[in-house]
Amino acid sequence: MKITDIKVFVCCPGRNFVTIKIMTDEGVYGLGDATLNGRELAVVSYLEEHVIPCLIGKDAHQIEDIWQYLVKGAYWQNGAVSMAAIGAIDVALWDIKGKVAGLPVYQLLGGKSRKAVTVYAHVNGETIDDVLNNLEKAINEGYKVVRLQCTIPGAKGTYGTLGDKKNYYELQGNRPLPPEHGWSTTKYLNFIPELFKRAREKFGYDIELCHDVHSRLTPIEAAQLGKLLEPYRLKFIEDAVTYDNPEGYKIIREHTTSPLALGEKFNTIWDAKPLIENQYIDFVRTAATHGGGITPMKKLADFASLYHVRMAPHGAPDLSPICFMAHMHLDLWAPNFGVQEFIGFGTPELNEVFSFKAKLKDGDIYIEDISGLGVEFNEEAAKKYPYKRSYLPVTRLDDGTLWNW
Ligand code: KDG
Ligand code: MG
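What counts, and where the lines are drawn
Residues numbered from 1 in each chain as written. Chains lettered and ligands numbered in written order. Predicted model: local features only at pLDDT ≥ 70, side-chain atom pairs only at ≥ 80, totals over all residues. Heavy atoms only, no water. Core = buried A, V, L, I, M, F, W, Y, C linked by side-chain atoms within 4.5 Å. Buried < 20%, exposed > 50% of the residue type's maximum accessible area, 1.4 Å probe, protein only. Contact = heavy atoms within 4.5 Å. Pairing = 2+ DSSP bridges. Helix = DSSP H or I, 4+ residues; strand = E, 2+ residues; numbered from the N terminus. Axes fitted to C-alpha atoms, helices over the stretch in contact; angles between N-to-C directions. Domains from an automatic or database assignment. Buried area = accessible area lost by both parts, 1.4 Å probe. Salt bridge = Lys/Arg side-chain N within 4 Å of Asp/Glu carboxyl O. pLDDT = per-residue confidence, 0-100. Parallel < 35°, antiparallel > 145°, perpendicular 65-115°, else oblique. Left-handed = near helix turned anticlockwise from the far one by under 90°. Nonpolar A, V, L, I, M, F, W, Y, C, P; charged D, E, K, R; others polar. Donors = N, O, S within 2.8 Å, 3.2 Å for Na, K, Ca; no water. Near = heavy atom within 4 Å. Polar contact = N/O pair within 3.5 Å; in protein donor to acceptor, adjacent residues only side chain to side chain. Areas by Shrake-Rupley, 256 points an atom, 1.4 Å probe, with all protein chains shown as cover. 1 Å grid on protein atoms, 1.4 Å probe; cavity = no way out; pocket = protein on both sides within 12 Å on 5 of 7 lines; lining within 4 Å. Sits in = over half its atoms within 2 Å of the grid points.

1. Digging into the nonpolar core
Here is step 1: Core analysis: the biggest nonpolar cluster contains 125 residues, and Leu47, Ile89, Leu148 and Tyr249 have the highest contact counts within it.
Here is step 2: In this structure, Ile89 is in contact with Ile6, Ile20, Ile22, Leu47, Val51, Leu55, Ile66 and Leu70, ignoring residues within four places of it in sequence.
Here is step 3: Of all hydrophobic cores here, the second largest spans eight residues; its members include Tyr120, Cys210, Phe236 and Ala312.

2. Brief notes about the sheet that holds strand S1 (residues 3-11)
Here is step 1: With respect to topology, three strands assemble into an open sheet ordered S1-S2-S3, the strand pairing being antiparallel. This sheet does not close on itself; its edge strands, each paired only once, are S1 and strand S3 (29-33). Pairwise comparison of adjacent strand axes, ignoring direction, gives a mean angle of 20° for this sheet.
Here is step 2: With eight bridges connecting them, S1 and strand S2 (residues 17-24) associate as antiparallel partners. The residue bridging Phe9 from the neighbouring strand is Thr19, located in S2.

3. Describing the domain arrangement of the protein
Here is step 1: Parsing the protein into structural domains produces domain 1 (3-104) and domain 2 (108-370).
Here is step 2: Centre-to-centre, using C-alpha coordinates, domain 1 lies 26 Å away from domain 2.
Here is step 3: Opposite the 34 residues of domain 1 that make contact, domain 2 presents 34 residues.
Here is step 4: When the two sides are added together, the surface that domain 1 and domain 2 hide from each other amounts to roughly 2,700 Å², 65% of it contributed by carbon and sulfur.
Here is step 5: On the domain 1 side of the interface with domain 2, the three residues burying the most area are Arg15, Trp94 and Pro104, jointly 25% of the side's total.
Here is step 6: Notably, a salt bridge pairs Lys299 with Glu64, separated by 2.9 Å at the nearest N-O pair.

4. Remarks on the confidence of the model for the protein
Here is step 1: When pLDDT is averaged across the protein, the result is 96; 100% of the residues are at 70 or more.
Here is step 2: Mean pLDDT across the secondary structure elements of the protein bottoms out at strand S6 (residues 180-183), with 93, and peaks at S3, with 99.

5. A few points about the packing of helix H1 (residues 40-55) against helix H3 (residues 80-101)
Here is step 1: Interhelical geometry of H1 versus H3 gives an angle of 55° and a closest axis separation of 9 Å. Taken together, the axis directions place H1 and H3 in an arrangement best described as oblique. As H1 packs across H3, the resulting crossing turns out to be right-handed. Between H1 and H3, the residues in contact are Ala42, Val43, Tyr46, Leu47, Val51 and Leu55 and Val81, Ser82, Ala84, Ala85 and Ile89, respectively.
Here is step 2: Here the contact of H1 with H3 is composed, by residue class, of 10 nonpolar, one polar and no charged.

6. So, the coordination of the magnesium ion (ligand 2)
Here is step 1: Donor atoms from the polypeptide that bind the magnesium ion (ligand 2) are Asp212 (OD), Glu238 (OE) and Glu264 (OE), placed at 2.0 to 2.2 Å.
Here is step 2: Along the chain, the residues donating to the magnesium ion (ligand 2) fall in the pattern D-x25-E-x25-E. Of this pair, Asp212 sits in strand S7 (residues 208-212) while Glu238 is found in strand S8 (residues 236-238), placing the two residues 26 residues apart along the sequence.
Here is step 3: The buried category is assigned to Glu238, whose relative accessible area is 1%.

7. Observations regarding the pattern of salt bridges
Here is step 1: Applying the stated criterion to the full structure yields 22 salt bridges.
Here is step 2: Put simply, Lys144 and Asp364 hold a salt bridge, and the shortest N to O gap is 2.9 Å. Here Asp364 lies in strand S15 (residues 364-367) and Lys144 lies in the loop between helix H5 (128-141) and strand S5 (145-150), a separation of 220 residues in the sequence.
Here is step 3: Taken together, the salt bridges that share partners define one network made up of Arg147, Asp212, Glu238, Glu264, Arg285 and Glu341.

8. A look at the site of ligand 1
Here is step 1: Taken together, 14 residues lie around ligand 1, and Tyr159, His214, Glu264, Asp318 and Glu341 are the ones closest in.
Here is step 2: Take Asp212: an N or O atom from its side chain is 3.0 Å from an oxygen atom of ligand 1.
Here is step 3: Protein burial of ligand 1: of its 330 Å² of free accessible surface, 90% is covered by the chains.
Here is step 4: The pocket occupied by ligand 1, as judged from atoms lying within 2 Å of grid points, is the largest pocket.
Here is step 5: Split by residue class, the shell around ligand 1 holds four nonpolar, three polar and seven charged.

9. Some details on helix H7 (residues 219-229)
Here is step 1: Restricting attention to buried positions, one finds in H7 the residues Pro219, Glu221, Ala222, Ala223, Leu225, Gly226 and Leu229.
Here is step 2: Looking at the packing, one finds that the buried side of H7 touches helix H6 (185-203), S8 and helix H8 (246-255).

Here is the structure:
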């Protein structure tokens, strides 16, 4: 079955997405998500100039060989742009294989390890009271795992809160240059334990809670946070420190039993390797899009399982429903699945462009047994939403120093 053409679509139904469609000589096609938030067009160019021309005429069934060819064959391995491009190709090839086999992708991975995928919802607010009200709603909706984020009083923008945005699909700051946020570790460490203390006082310990630090701390500060949050028994603290220095996680580990999650920015299994084999993390958060596809995600899950590390794939709004559905199949299969990040099924604009059959019940997602990934992309609808340049914010300390957003 030969690849005859690969089309790339860029659209913005609320936020930008890069979608690919692989066509074959047997009429079966597959879809992949190549979205790299804020650097979308670099991936388009990588695909159009350097990936697609090499794939025309290749056998669409040779998923592993094509993945190796794109990764090793480029000589310049890894990197966010190239792995997002390769991730999209790989996911689209799994979609094709599932369609040809007449099976959902999870069957090709080894079948279901569970009936449904437990997700964690985002709960945020401008004050602790806001967050607690929203947490009550999430609990009443049936969520069993929830991520809490709260605006830090006096901060100029806080990660994970909507601020003046209506929803996650609104472009960053609605302007084509990065908005600027502020950061104070002191204010943050003084404030955030109170959020979890009050959540536990009001709702007890049955609801599982997580928190995303978004790489703002140094290792010893993260160790302090882990200790401060220990009484509130979080499911995990995410991205406490950037992942570039795995030894930093050793410091955190030596001081706290708060579980740690990391990996949404990993683009290879080798990024994850030292953190997993040294038992520095408990959950690995790599996404099929940014990690290079379903093929490496399967290798990552198997490797992590040897170290009792569980999968908690990234599920931010800048990953398209194609990536979401790829995760559903991986999560249903992976014996060491932990929890899936989930920000809802999207806006009417998003659902006009992407359609997929997934149902949420009591904090678990069920998908239909459709062959392939089970997602459709409406090319005509996508044309109504042209690309709009948009960036994530940047963060500065009070003295102007640039910090990790
Ligand atoms: O593009 C960046 C987002 O995907 C990221 O900020 C979201 O940290 C994130 C999360 O945990 O969802
Ligand atoms: Mg995160």
